[in-house]
Amino acid sequence: MAKGKKHATDDQASRVEALLDEPYWVIDALPSQVPADAGGQFFAVEPLLTEGPRGAELRRRFADVALKLYCYHDFLVFRGESSRGKANPKPEKLDAWIVGREPLCILLPAEDALLQVPEDGTCMTLYHPTPALLEQVRHLAAASGLFVWQPET
């Protein structure tokens, strides 16, 4: 990010949209995708993982990964449906947005990658990571008790 640059350009907002069509990896509370024909109780368990104390803990884990990643990379953060991103927001704000369940798209401009943090759900999504970024995120996720996997196509 250029010094003094506080908000996204139209090109950067368009790049976010384009990255959503790229290959992605899931940063999840579960170690792999739950098959559609699994005999388990994913839909019964999911609310227990995403709401109440467990949900708050999961959001803190998401924030831990993002904040640690922020130590290494510039961020351009898009909140909700806004096409206006905020360059390198204060870490306290980023933490509050994630823990507070704001849906975020975090562009890592130098990596041409995107981290999507939903308002609910058991996972974040990392789009178009370089091999080095993917390895870094795997380590950060593991340190926070999360798993990184690529969905079956």
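Higher on the page you've got the structure.
Residues numbered from 1 in each chain as written. Predicted model: local features only at pLDDT ≥ 70, side-chain atom pairs only at ≥ 80, totals over all residues. Heavy atoms only, no water.

Asker: Looking at this structure, how should I read the overall build of the protein chain?
Answerer: Tallying secondary structure elements over the protein chain gives five helices and seven strands in all. Listing the helices and strands of the protein chain from first to last along the sequence gives α-β-α-α-β-β-α-β-β-β-α-β. The C-alpha radius of gyration of the protein chain comes to 15 Å, within 12% of the 15 Å expected for a compact globule of 153 residues. Projecting the C-alpha coordinates of the protein chain onto the three principal axes gives extents of approximately 50 × 30 × 30 Å. In the protein chain, buried positions account for 37% of the 153 residues. Of the side-chain charges in the protein chain, 16 are positive and 22 negative, and the distance between the mean point of each set is 10 Å. (Helix = DSSP H or I, 4+ residues; strand = E, 2+ residues; numbered from the N terminus. Rg over C-alpha atoms; globule rule 2.2 N^0.38 Å. Buried < 20%, exposed > 50% of the residue type's maximum accessible area, 1.4 Å probe, protein only. Lys, Arg positive; Asp, Glu negative; His and termini not counted. Charge placed at Lys NZ, Arg CZ, Asp CG, Glu CD.)

Asker: Sorry if this is basic, but what is going on with the layout of surface pockets here?
Answerer: In this approach the atoms are scanned with a rolling probe the size of a water molecule, which exposes any empty space left behind. The space that makes up the largest pocket amounts to roughly 320 Å³. Contributions of two or more residues to the lining of the largest pocket are made by strand S1 (24-28) and helix H2 (42-50). In terms of residue count, H2 provides more of the lining of the largest pocket than any other element does, three residues in total. Looking at the lining of the largest pocket residue by residue, the class counts come to 12 nonpolar, five polar and one charged. Each pocket or cavity is described by its volume, and for the second largest pocket that value is around 270 Å³. The wall of the second largest pocket is formed by 16 residues, among which Glu-17, Gly-80, Glu-81, Ser-82 and Cys-105 lie closest to the centre. Element by element, the count of residues in the lining of the second largest pocket is highest for helix H1 (residues 10-19), at three residues. By residue class, the composition of the lining of the second largest pocket is nine nonpolar, four polar and three charged. (1 Å grid on protein atoms, 1.4 Å probe; cavity = no way out; pocket = protein on both sides within 12 Å on 5 of 7 lines; lining within 4 Å. Points joined across faces, edges and corners; volume = space filled by probe spheres on them. Nonpolar A, V, L, I, M, F, W, Y, C, P; charged D, E, K, R; others polar.)

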